[in-house]
Amino acid sequence: WSGKVVVDAMNTYGITPEELKGQASTDVVAAAFPGSKVVKTLNQLPAKLLAQDPAANGGRRVMFVSSNDEGAQASMAKLVGDLGFAPVMLGKVSKGGMLIGMGGPLILQNLIKQG
């Protein structure tokens, strides 16, 4: 997995914070893929919305992107943009990833960026 970008598009259902031992779920994923560059994205919207056209109400649906690797975060933000979403980079997993993980304030937020 050395140098490969791995997308963590999952959310932790039924797993307690104690089981994660204070880690972001993305850090647990990263431990399973040593040497990879893990990016948390494509997880905050329900599948039904992800299957729809990202263009909505004159704008584009926001897709958050978070990673401990700035290059991987930027490349995934470009891919998310190429897919038609409006990427919003949230920085490192310890901050941004926690915002879009289960229980985070941005999970399930269907935001539209205008312009």
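Residues numbered from 1 in each chain as written. Predicted model: local features only at pLDDT ≥ 70, side-chain atom pairs only at ≥ 80, totals over all residues. Heavy atoms only, no water.

A. Just the environment of G59, in detail. Among the structural elements, G59 can be located in strand β4 (residues 59-67). Setting aside anything within four residues of it in sequence, one finds G59 in contact with P54, I112, K113 and Q114. (Helix = DSSP H or I, 4+ residues; strand = E, 2+ residues; numbered from the N terminus. Contact = heavy atoms within 4.5 Å.)

B. Looking closely at unusual backbone geometry. Within the chain, L42 stands out as a residue other than glycine whose phi angle is a positive 60°. Along the chain, the position of L42 falls in the loop between β2 (37-41) and α3 (47-50). In this model, N57 sits at a positive phi of 50°, which is unusual for a non-glycine residue. Along the chain, N57 falls in the loop between β3 (55-56) and β4. Classification of N57 by relative accessible area gives exposed; the value is 70%. (Buried < 20%, exposed > 50% of the residue type's maximum accessible area, 1.4 Å probe, protein only.)

C. Highlighting the nonpolar core. Of all hydrophobic cores here, the largest spans ten residues; its members are V39, L45, L49, M63, V65, A72, M76, A77, V80 and F85. Within the residue set of this core, elements represented by two or more residues are β4 and α4 (70-82). Non-local contacts of F85, meaning those with residues more than four positions away in its chain, are made with L45, L50, P54, R60, R61, M63 and V80. (Core = buried A, V, L, I, M, F, W, Y, C linked by side-chain atoms within 4.5 Å.)

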